[in-house]
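Fold and geometry: a report
Here is what each chain is made of, one letter per residue.
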Amino acid sequence: MARIRLFLAAVFVLAAASATQLPAQSAALSSPLGWNSWDAYGLTIDETDFRANATVLAGLREFGWEYAVIDEGWYMQNPFGSKVEAQKDVWDANGILIPSVNRFPSSASGAGFKPLADWVHAKGLKFGIHIVRGINREVVKQNLPIAGSSFHAADAADMTSPCPWNEENWGVADNAAGQAYYDSMLRKYASWGLDFIKVDCISDHPYRITEIKQISAAIKKTGRTIVLSLSPGPTQLEHAAEVAQYAQMWRISDDHWDGWTFEHKPGAGDFPFSTSEAFDRLAKWVPYVGPGNWPDEDMLPIGWLGPHPGLGESRQSRFTPDEERTEYTLWAVSRSPLILGANLTKLDSFTRSLITNQTLLFIDQASSFSRPVEASSLPGGFENARVWRATINTPGARGYAEYFAFFNLDSKPVTLRATWKELGLDDKKHAAQDAYTMDTSKVSKDVSVTLPAHGSTVVEVQ
């Protein structure tokens, strides 16, 4: 445990340095940890609610949680409007979206999000926002000038590539005017103190590589360290190497919600995406995980989702406690970004215990590599189970550690038993310490765990 505490302290020092010293392309050297407003507030988050959640997040800063992200709709005067016209988007004289003052009063007098970002930074956190790629259609209609250039909005618009599920924007053209538009946008947002930007309708349906490149280039020009997160998924594996050149996070599934399984009609995609589907999806992306590149299985819809969640009615997450723990464990051991979706002002004790488990955070942040154990090497009894292995450093190195996460995908309890050799280690005897109970087994050549339906645990090899 002392090793874990020392590591987390080192992570915080590195994170602080990255915010002020490292170039933009050095963002997200470890998997991002934070909170996003979508799962609890949908389009409706306002300044009061954001500050309340960020204050709770600041209380979790000692565990590594740092990004406070306002998701879609912060520029809408009326987020409850049923149509774009009724939502009343707000932009500046150059067509760049700005916060709606009636919801974010500190943005008055052209201040934008700078006062709020300054407040976030004073709490030791980092500030993020969401945008949908493109340029507002009304801005194009008015043909507003693009700041810092001789171009106008109509020069930058690509009317052949709107977002198919969002009627606000046209796409941005792959030309000098389009680059100038994104340059002006990121220049403004960087001046507010932006640390994280989630860009939607860009990594799949459709995959819009021209705009990914433009936004990445615009971020670099600001000279500020800003994490670029792409959405929605599933980003296709064939784009993995390319997207990794330009972004630090990219979604590998469609929107994930609080269900162990969801039924999908043939040809209808995988929305909403369930926990049971995530095991095989994450396994495919293992080769692309590493510093500055984090395949993203989406936010964690755990805890209280309300008052206006992005899908469905207000509710306590529909996961059972065992399913919630399994999801969190899988995201951590696979080193997916850990972005909380809960309303943090109503954080329950069980969810808090998960997100402050130092062993799981250590695995997510410090693993040299992690991967699923091949099913073919496992003995009988693992037919409805999965095992992931996470390694810290390499055998013989100082600080070397091995962890195994066991998952029961079955709807009934199971006892899983395997030798350390079958799991990929040596044929020697080892003890195993449970990361949740901290109980340590007797020294043996095998390990045995009993798991409830949809349950999981993690052991450290002693």
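Provided above is the structure to which this section pertains.
First things first, this report covers the structure right here in the doc. (Residues numbered from 1 in each chain as written. Predicted model: local features only at pLDDT ≥ 70, side-chain atom pairs only at ≥ 80, totals over all residues. Heavy atoms only, no water.)

1. Concerning the state of the cysteines
Applying the stated criterion across every chain, the model contains 1 disulfide. One disulfide in the model links C163 with C201; its S-S distance is 2.3 Å. Disulfide C163-C201: the torsion about the S-S bond is 105 degrees, which places it as right-handed. Taken as a pair, C163 in the loop between β5 (157-158) and β6 (169-172) and C201 in the loop between β7 (196-200) and α9 (209-222) lie far apart in primary sequence, 38 residues in all. (Disulfide = S-S within 2.5 Å. Helix = DSSP H or I, 4+ residues; strand = E, 2+ residues; numbered from the N terminus.)

2. Focus on the environment of N169
Tracing the backbone shows N169 in strand β6. A residue is classified by how much of its surface remains accessible, and N169, at 5% relative accessible area, is buried. Along the sequence, N169 and Y75 sit 94 residues apart, while their C-alpha atoms lie 13 Å from each other. Beyond its immediate stretch of four places on either side in the chain, N169 contacts V132, R133, G134, I135, N136, R137, P162 and C163. Among the polar contacts made by the side chain of N169, one reaches the main-chain carbonyl oxygen of V132 at a distance of 3.2 Å. (Buried < 20%, exposed > 50% of the residue type's maximum accessible area, 1.4 Å probe, protein only. Contact = heavy atoms within 4.5 Å. Polar contact = N/O pair within 3.5 Å; in protein donor to acceptor, adjacent residues only side chain to side chain.)

3. As for the sheet that holds strand β15 (residues 385-392)
Spatial strand order, β14-β15-β16-β20-β18: 5 strands in an open sheet with antiparallel pairing. Either end of the sheet is taken by a strand with one partner, and the two such strands are β14 (369-372) and β18 (432-434). Neighbouring strand axes in the sheet, compared pairwise and without regard to direction, differ in orientation by 25 degrees on average. In this structure, β15 lies alongside strand β16 (residues 401-408), joined through 8 bridges in antiparallel fashion. Each residue of the ladder has a partner; that of I392, found in β16, is A401. The strands touched by helix α11 (residues 275-284) are β14, β15 and β16; relative to β15, the strand with the most contacts, the crossing angle is about 40 degrees. (Pairing = 2+ DSSP bridges. Axes fitted to C-alpha atoms, helices over the stretch in contact; angles between N-to-C directions.)

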